[in-house]
Amino acid sequence: QVIDGSQWISRAASNIDIDLFELRSAFITHTAAEHKDYQLLEKNFVALGEDLQIILSGEKNIGSVALTSFMFQQASKNNPIDLLGAMFIIEGIGKRLAAYWGSMMQEQLGLRDDQVSFFMYHGVADENHFHNLEKALNHPKMNMDIAHKIAKTAKITARLYQMQLQEIGNY
């Protein structure tokens, strides 16, 4: 998901009409902030003493496949503004839980900062990302129809995200 995120956001940006340039810019800004996050995750993995090849050759679980497929499907549509709902779910989880999870893992497993920096970074960065997404909702062309689509995409994303996390326990 970490690698795919910036890719579907970029695709979505490329499908937003030019007359919605503020929203297009919000998507582009967001993908620019996200596109190297996987490198931080890889560094944490190696700092844990793991072989980088394991994570590079890893297979997505069923929930991750479903989430990624949905995101790319939505991003390929014309003006996929509803993906703001997906970003709110994903960034909201990061904003509220990433640093907490990182601290808990660090405390319970005795991990160093360089082994949990991905989580700690997202606890702070996702707060800023979340704020920027909130600004996008104030676009003059926003209306109740778009709001309903954003909410529906948020609900679907939340369910698929939950499935992704549940599947971790199945491996």
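Coordinates for the structure precede this section.
The text that follows walks through the structure, step by step, so that each part is easy to find.

Procedures and definitions
Residues numbered from 1 in each chain as written. Predicted model: local features only at pLDDT ≥ 70, side-chain atom pairs only at ≥ 80, totals over all residues. Heavy atoms only, no water. Helix = DSSP H or I, 4+ residues; strand = E, 2+ residues; numbered from the N terminus. Buried < 20%, exposed > 50% of the residue type's maximum accessible area, 1.4 Å probe, protein only. Lys, Arg positive; Asp, Glu negative; His and termini not counted. Salt bridge = Lys/Arg side-chain N within 4 Å of Asp/Glu carboxyl O. Contact = heavy atoms within 4.5 Å. Core = buried A, V, L, I, M, F, W, Y, C linked by side-chain atoms within 4.5 Å. 1 Å grid on protein atoms, 1.4 Å probe; cavity = no way out; pocket = protein on both sides within 12 Å on 5 of 7 lines; lining within 4 Å. Points joined across faces, edges and corners; volume = space filled by probe spheres on them. Nonpolar A, V, L, I, M, F, W, Y, C, P; charged D, E, K, R; others polar. Axes fitted to C-alpha atoms, helices over the stretch in contact; angles between N-to-C directions. Left-handed = near helix turned anticlockwise from the far one by under 90°.

Time to look at the side chain of Glu42. You can see Glu42 is positioned in helix α3 (residues 37-47). Lacking a salt bridge, the buried Glu42 has Lys43 as its closest oppositely charged neighbour, with an N-O distance of 8.5 Å. When residues no more than four places from it in sequence are discounted, the contact partners of Glu42 are Leu52, Ile55 and Leu56.

With that settled, the discussion passes to the side chain of Glu167. You can see Glu167 is positioned in helix α8 (residues 144-168). Buried charged residue Glu167 carries no salt bridge. Nearest counter-charge: Lys60, at 14 Å. Residues contacting Glu167, with those up to four places away along its chain left out, are Asn61, Ile62 and Gly63.

Among the structural elements, Ile93 can be located in helix α6 (residues 83-109). For the pair Ile93 and Ser117, spaced 24 residues apart in sequence, the C-alpha to C-alpha distance is 16 Å. Residue contacts for Ile93: discarding those within four places in its chain leaves Ala98, Trp101 and Tyr161.

Attention now goes to helix α1 (residues 2-14). Turning to α1, its buried residues are Asp4, Gly5, Ser6, Trp8, Ile9, Ala12 and Ala13. Along its buried surface, α1 packs onto α2 (21-34), α5 (62-75) and α6.

With 27 residues, the main nonpolar core has Trp8, Phe27, Met71, Ile81, Leu83, Leu84 and Met87 as its most contacted residues. Sorting the residues of this core by element identifies α1, α2, α5, α6, α7 (113-136) and α8 as the ones contributing at least two each. The element best represented in this core is α6, accounting for 7 residues. If we ignore the near neighbours within four places in the chain, the residues touching Trp8 are Met71, Phe72, Ala75, Leu83, Ala86, Met87 and Ile90.

In this structure, the largest pocket occupies an estimated 1,600 Å³ of space. Looking at the largest pocket, it is lined by 50 residues, and the ones nearest its centre are Gln1, Val2, Leu41, Phe118 and Gln164. It is α6 that provides the largest number of residues to the lining of the largest pocket, a total of 9 residues. Its residues assigned to classes, the lining of the largest pocket shows 28 nonpolar, 13 polar and 9 charged. Its volume calculated, the second largest pocket comes out at about 230 Å³. In this structure, the second largest pocket is lined by Leu20, Gln74, Lys77, Asn78, Asn79, Pro80, Ile81, Asp82, Asp145, Ile146 and Lys149.

Two quantities define a packed helix pair, namely the angle between the helix axes and the distance between the axes. Closest axis-to-axis distance for the α2/α6 pair is 13 Å, and the angle between their directions is 35°. Here α2 and α6 pass one another in a crossing that is left-handed. Taken together, the residues of α6 that come into contact with α2 (itself represented by Phe27, His30 and Glu34) are Leu83, Leu84, Met87 and Glu91. A breakdown of the residues in the contact of α2 with α6 according to their chemical character gives 4 nonpolar, 1 polar and 2 charged.

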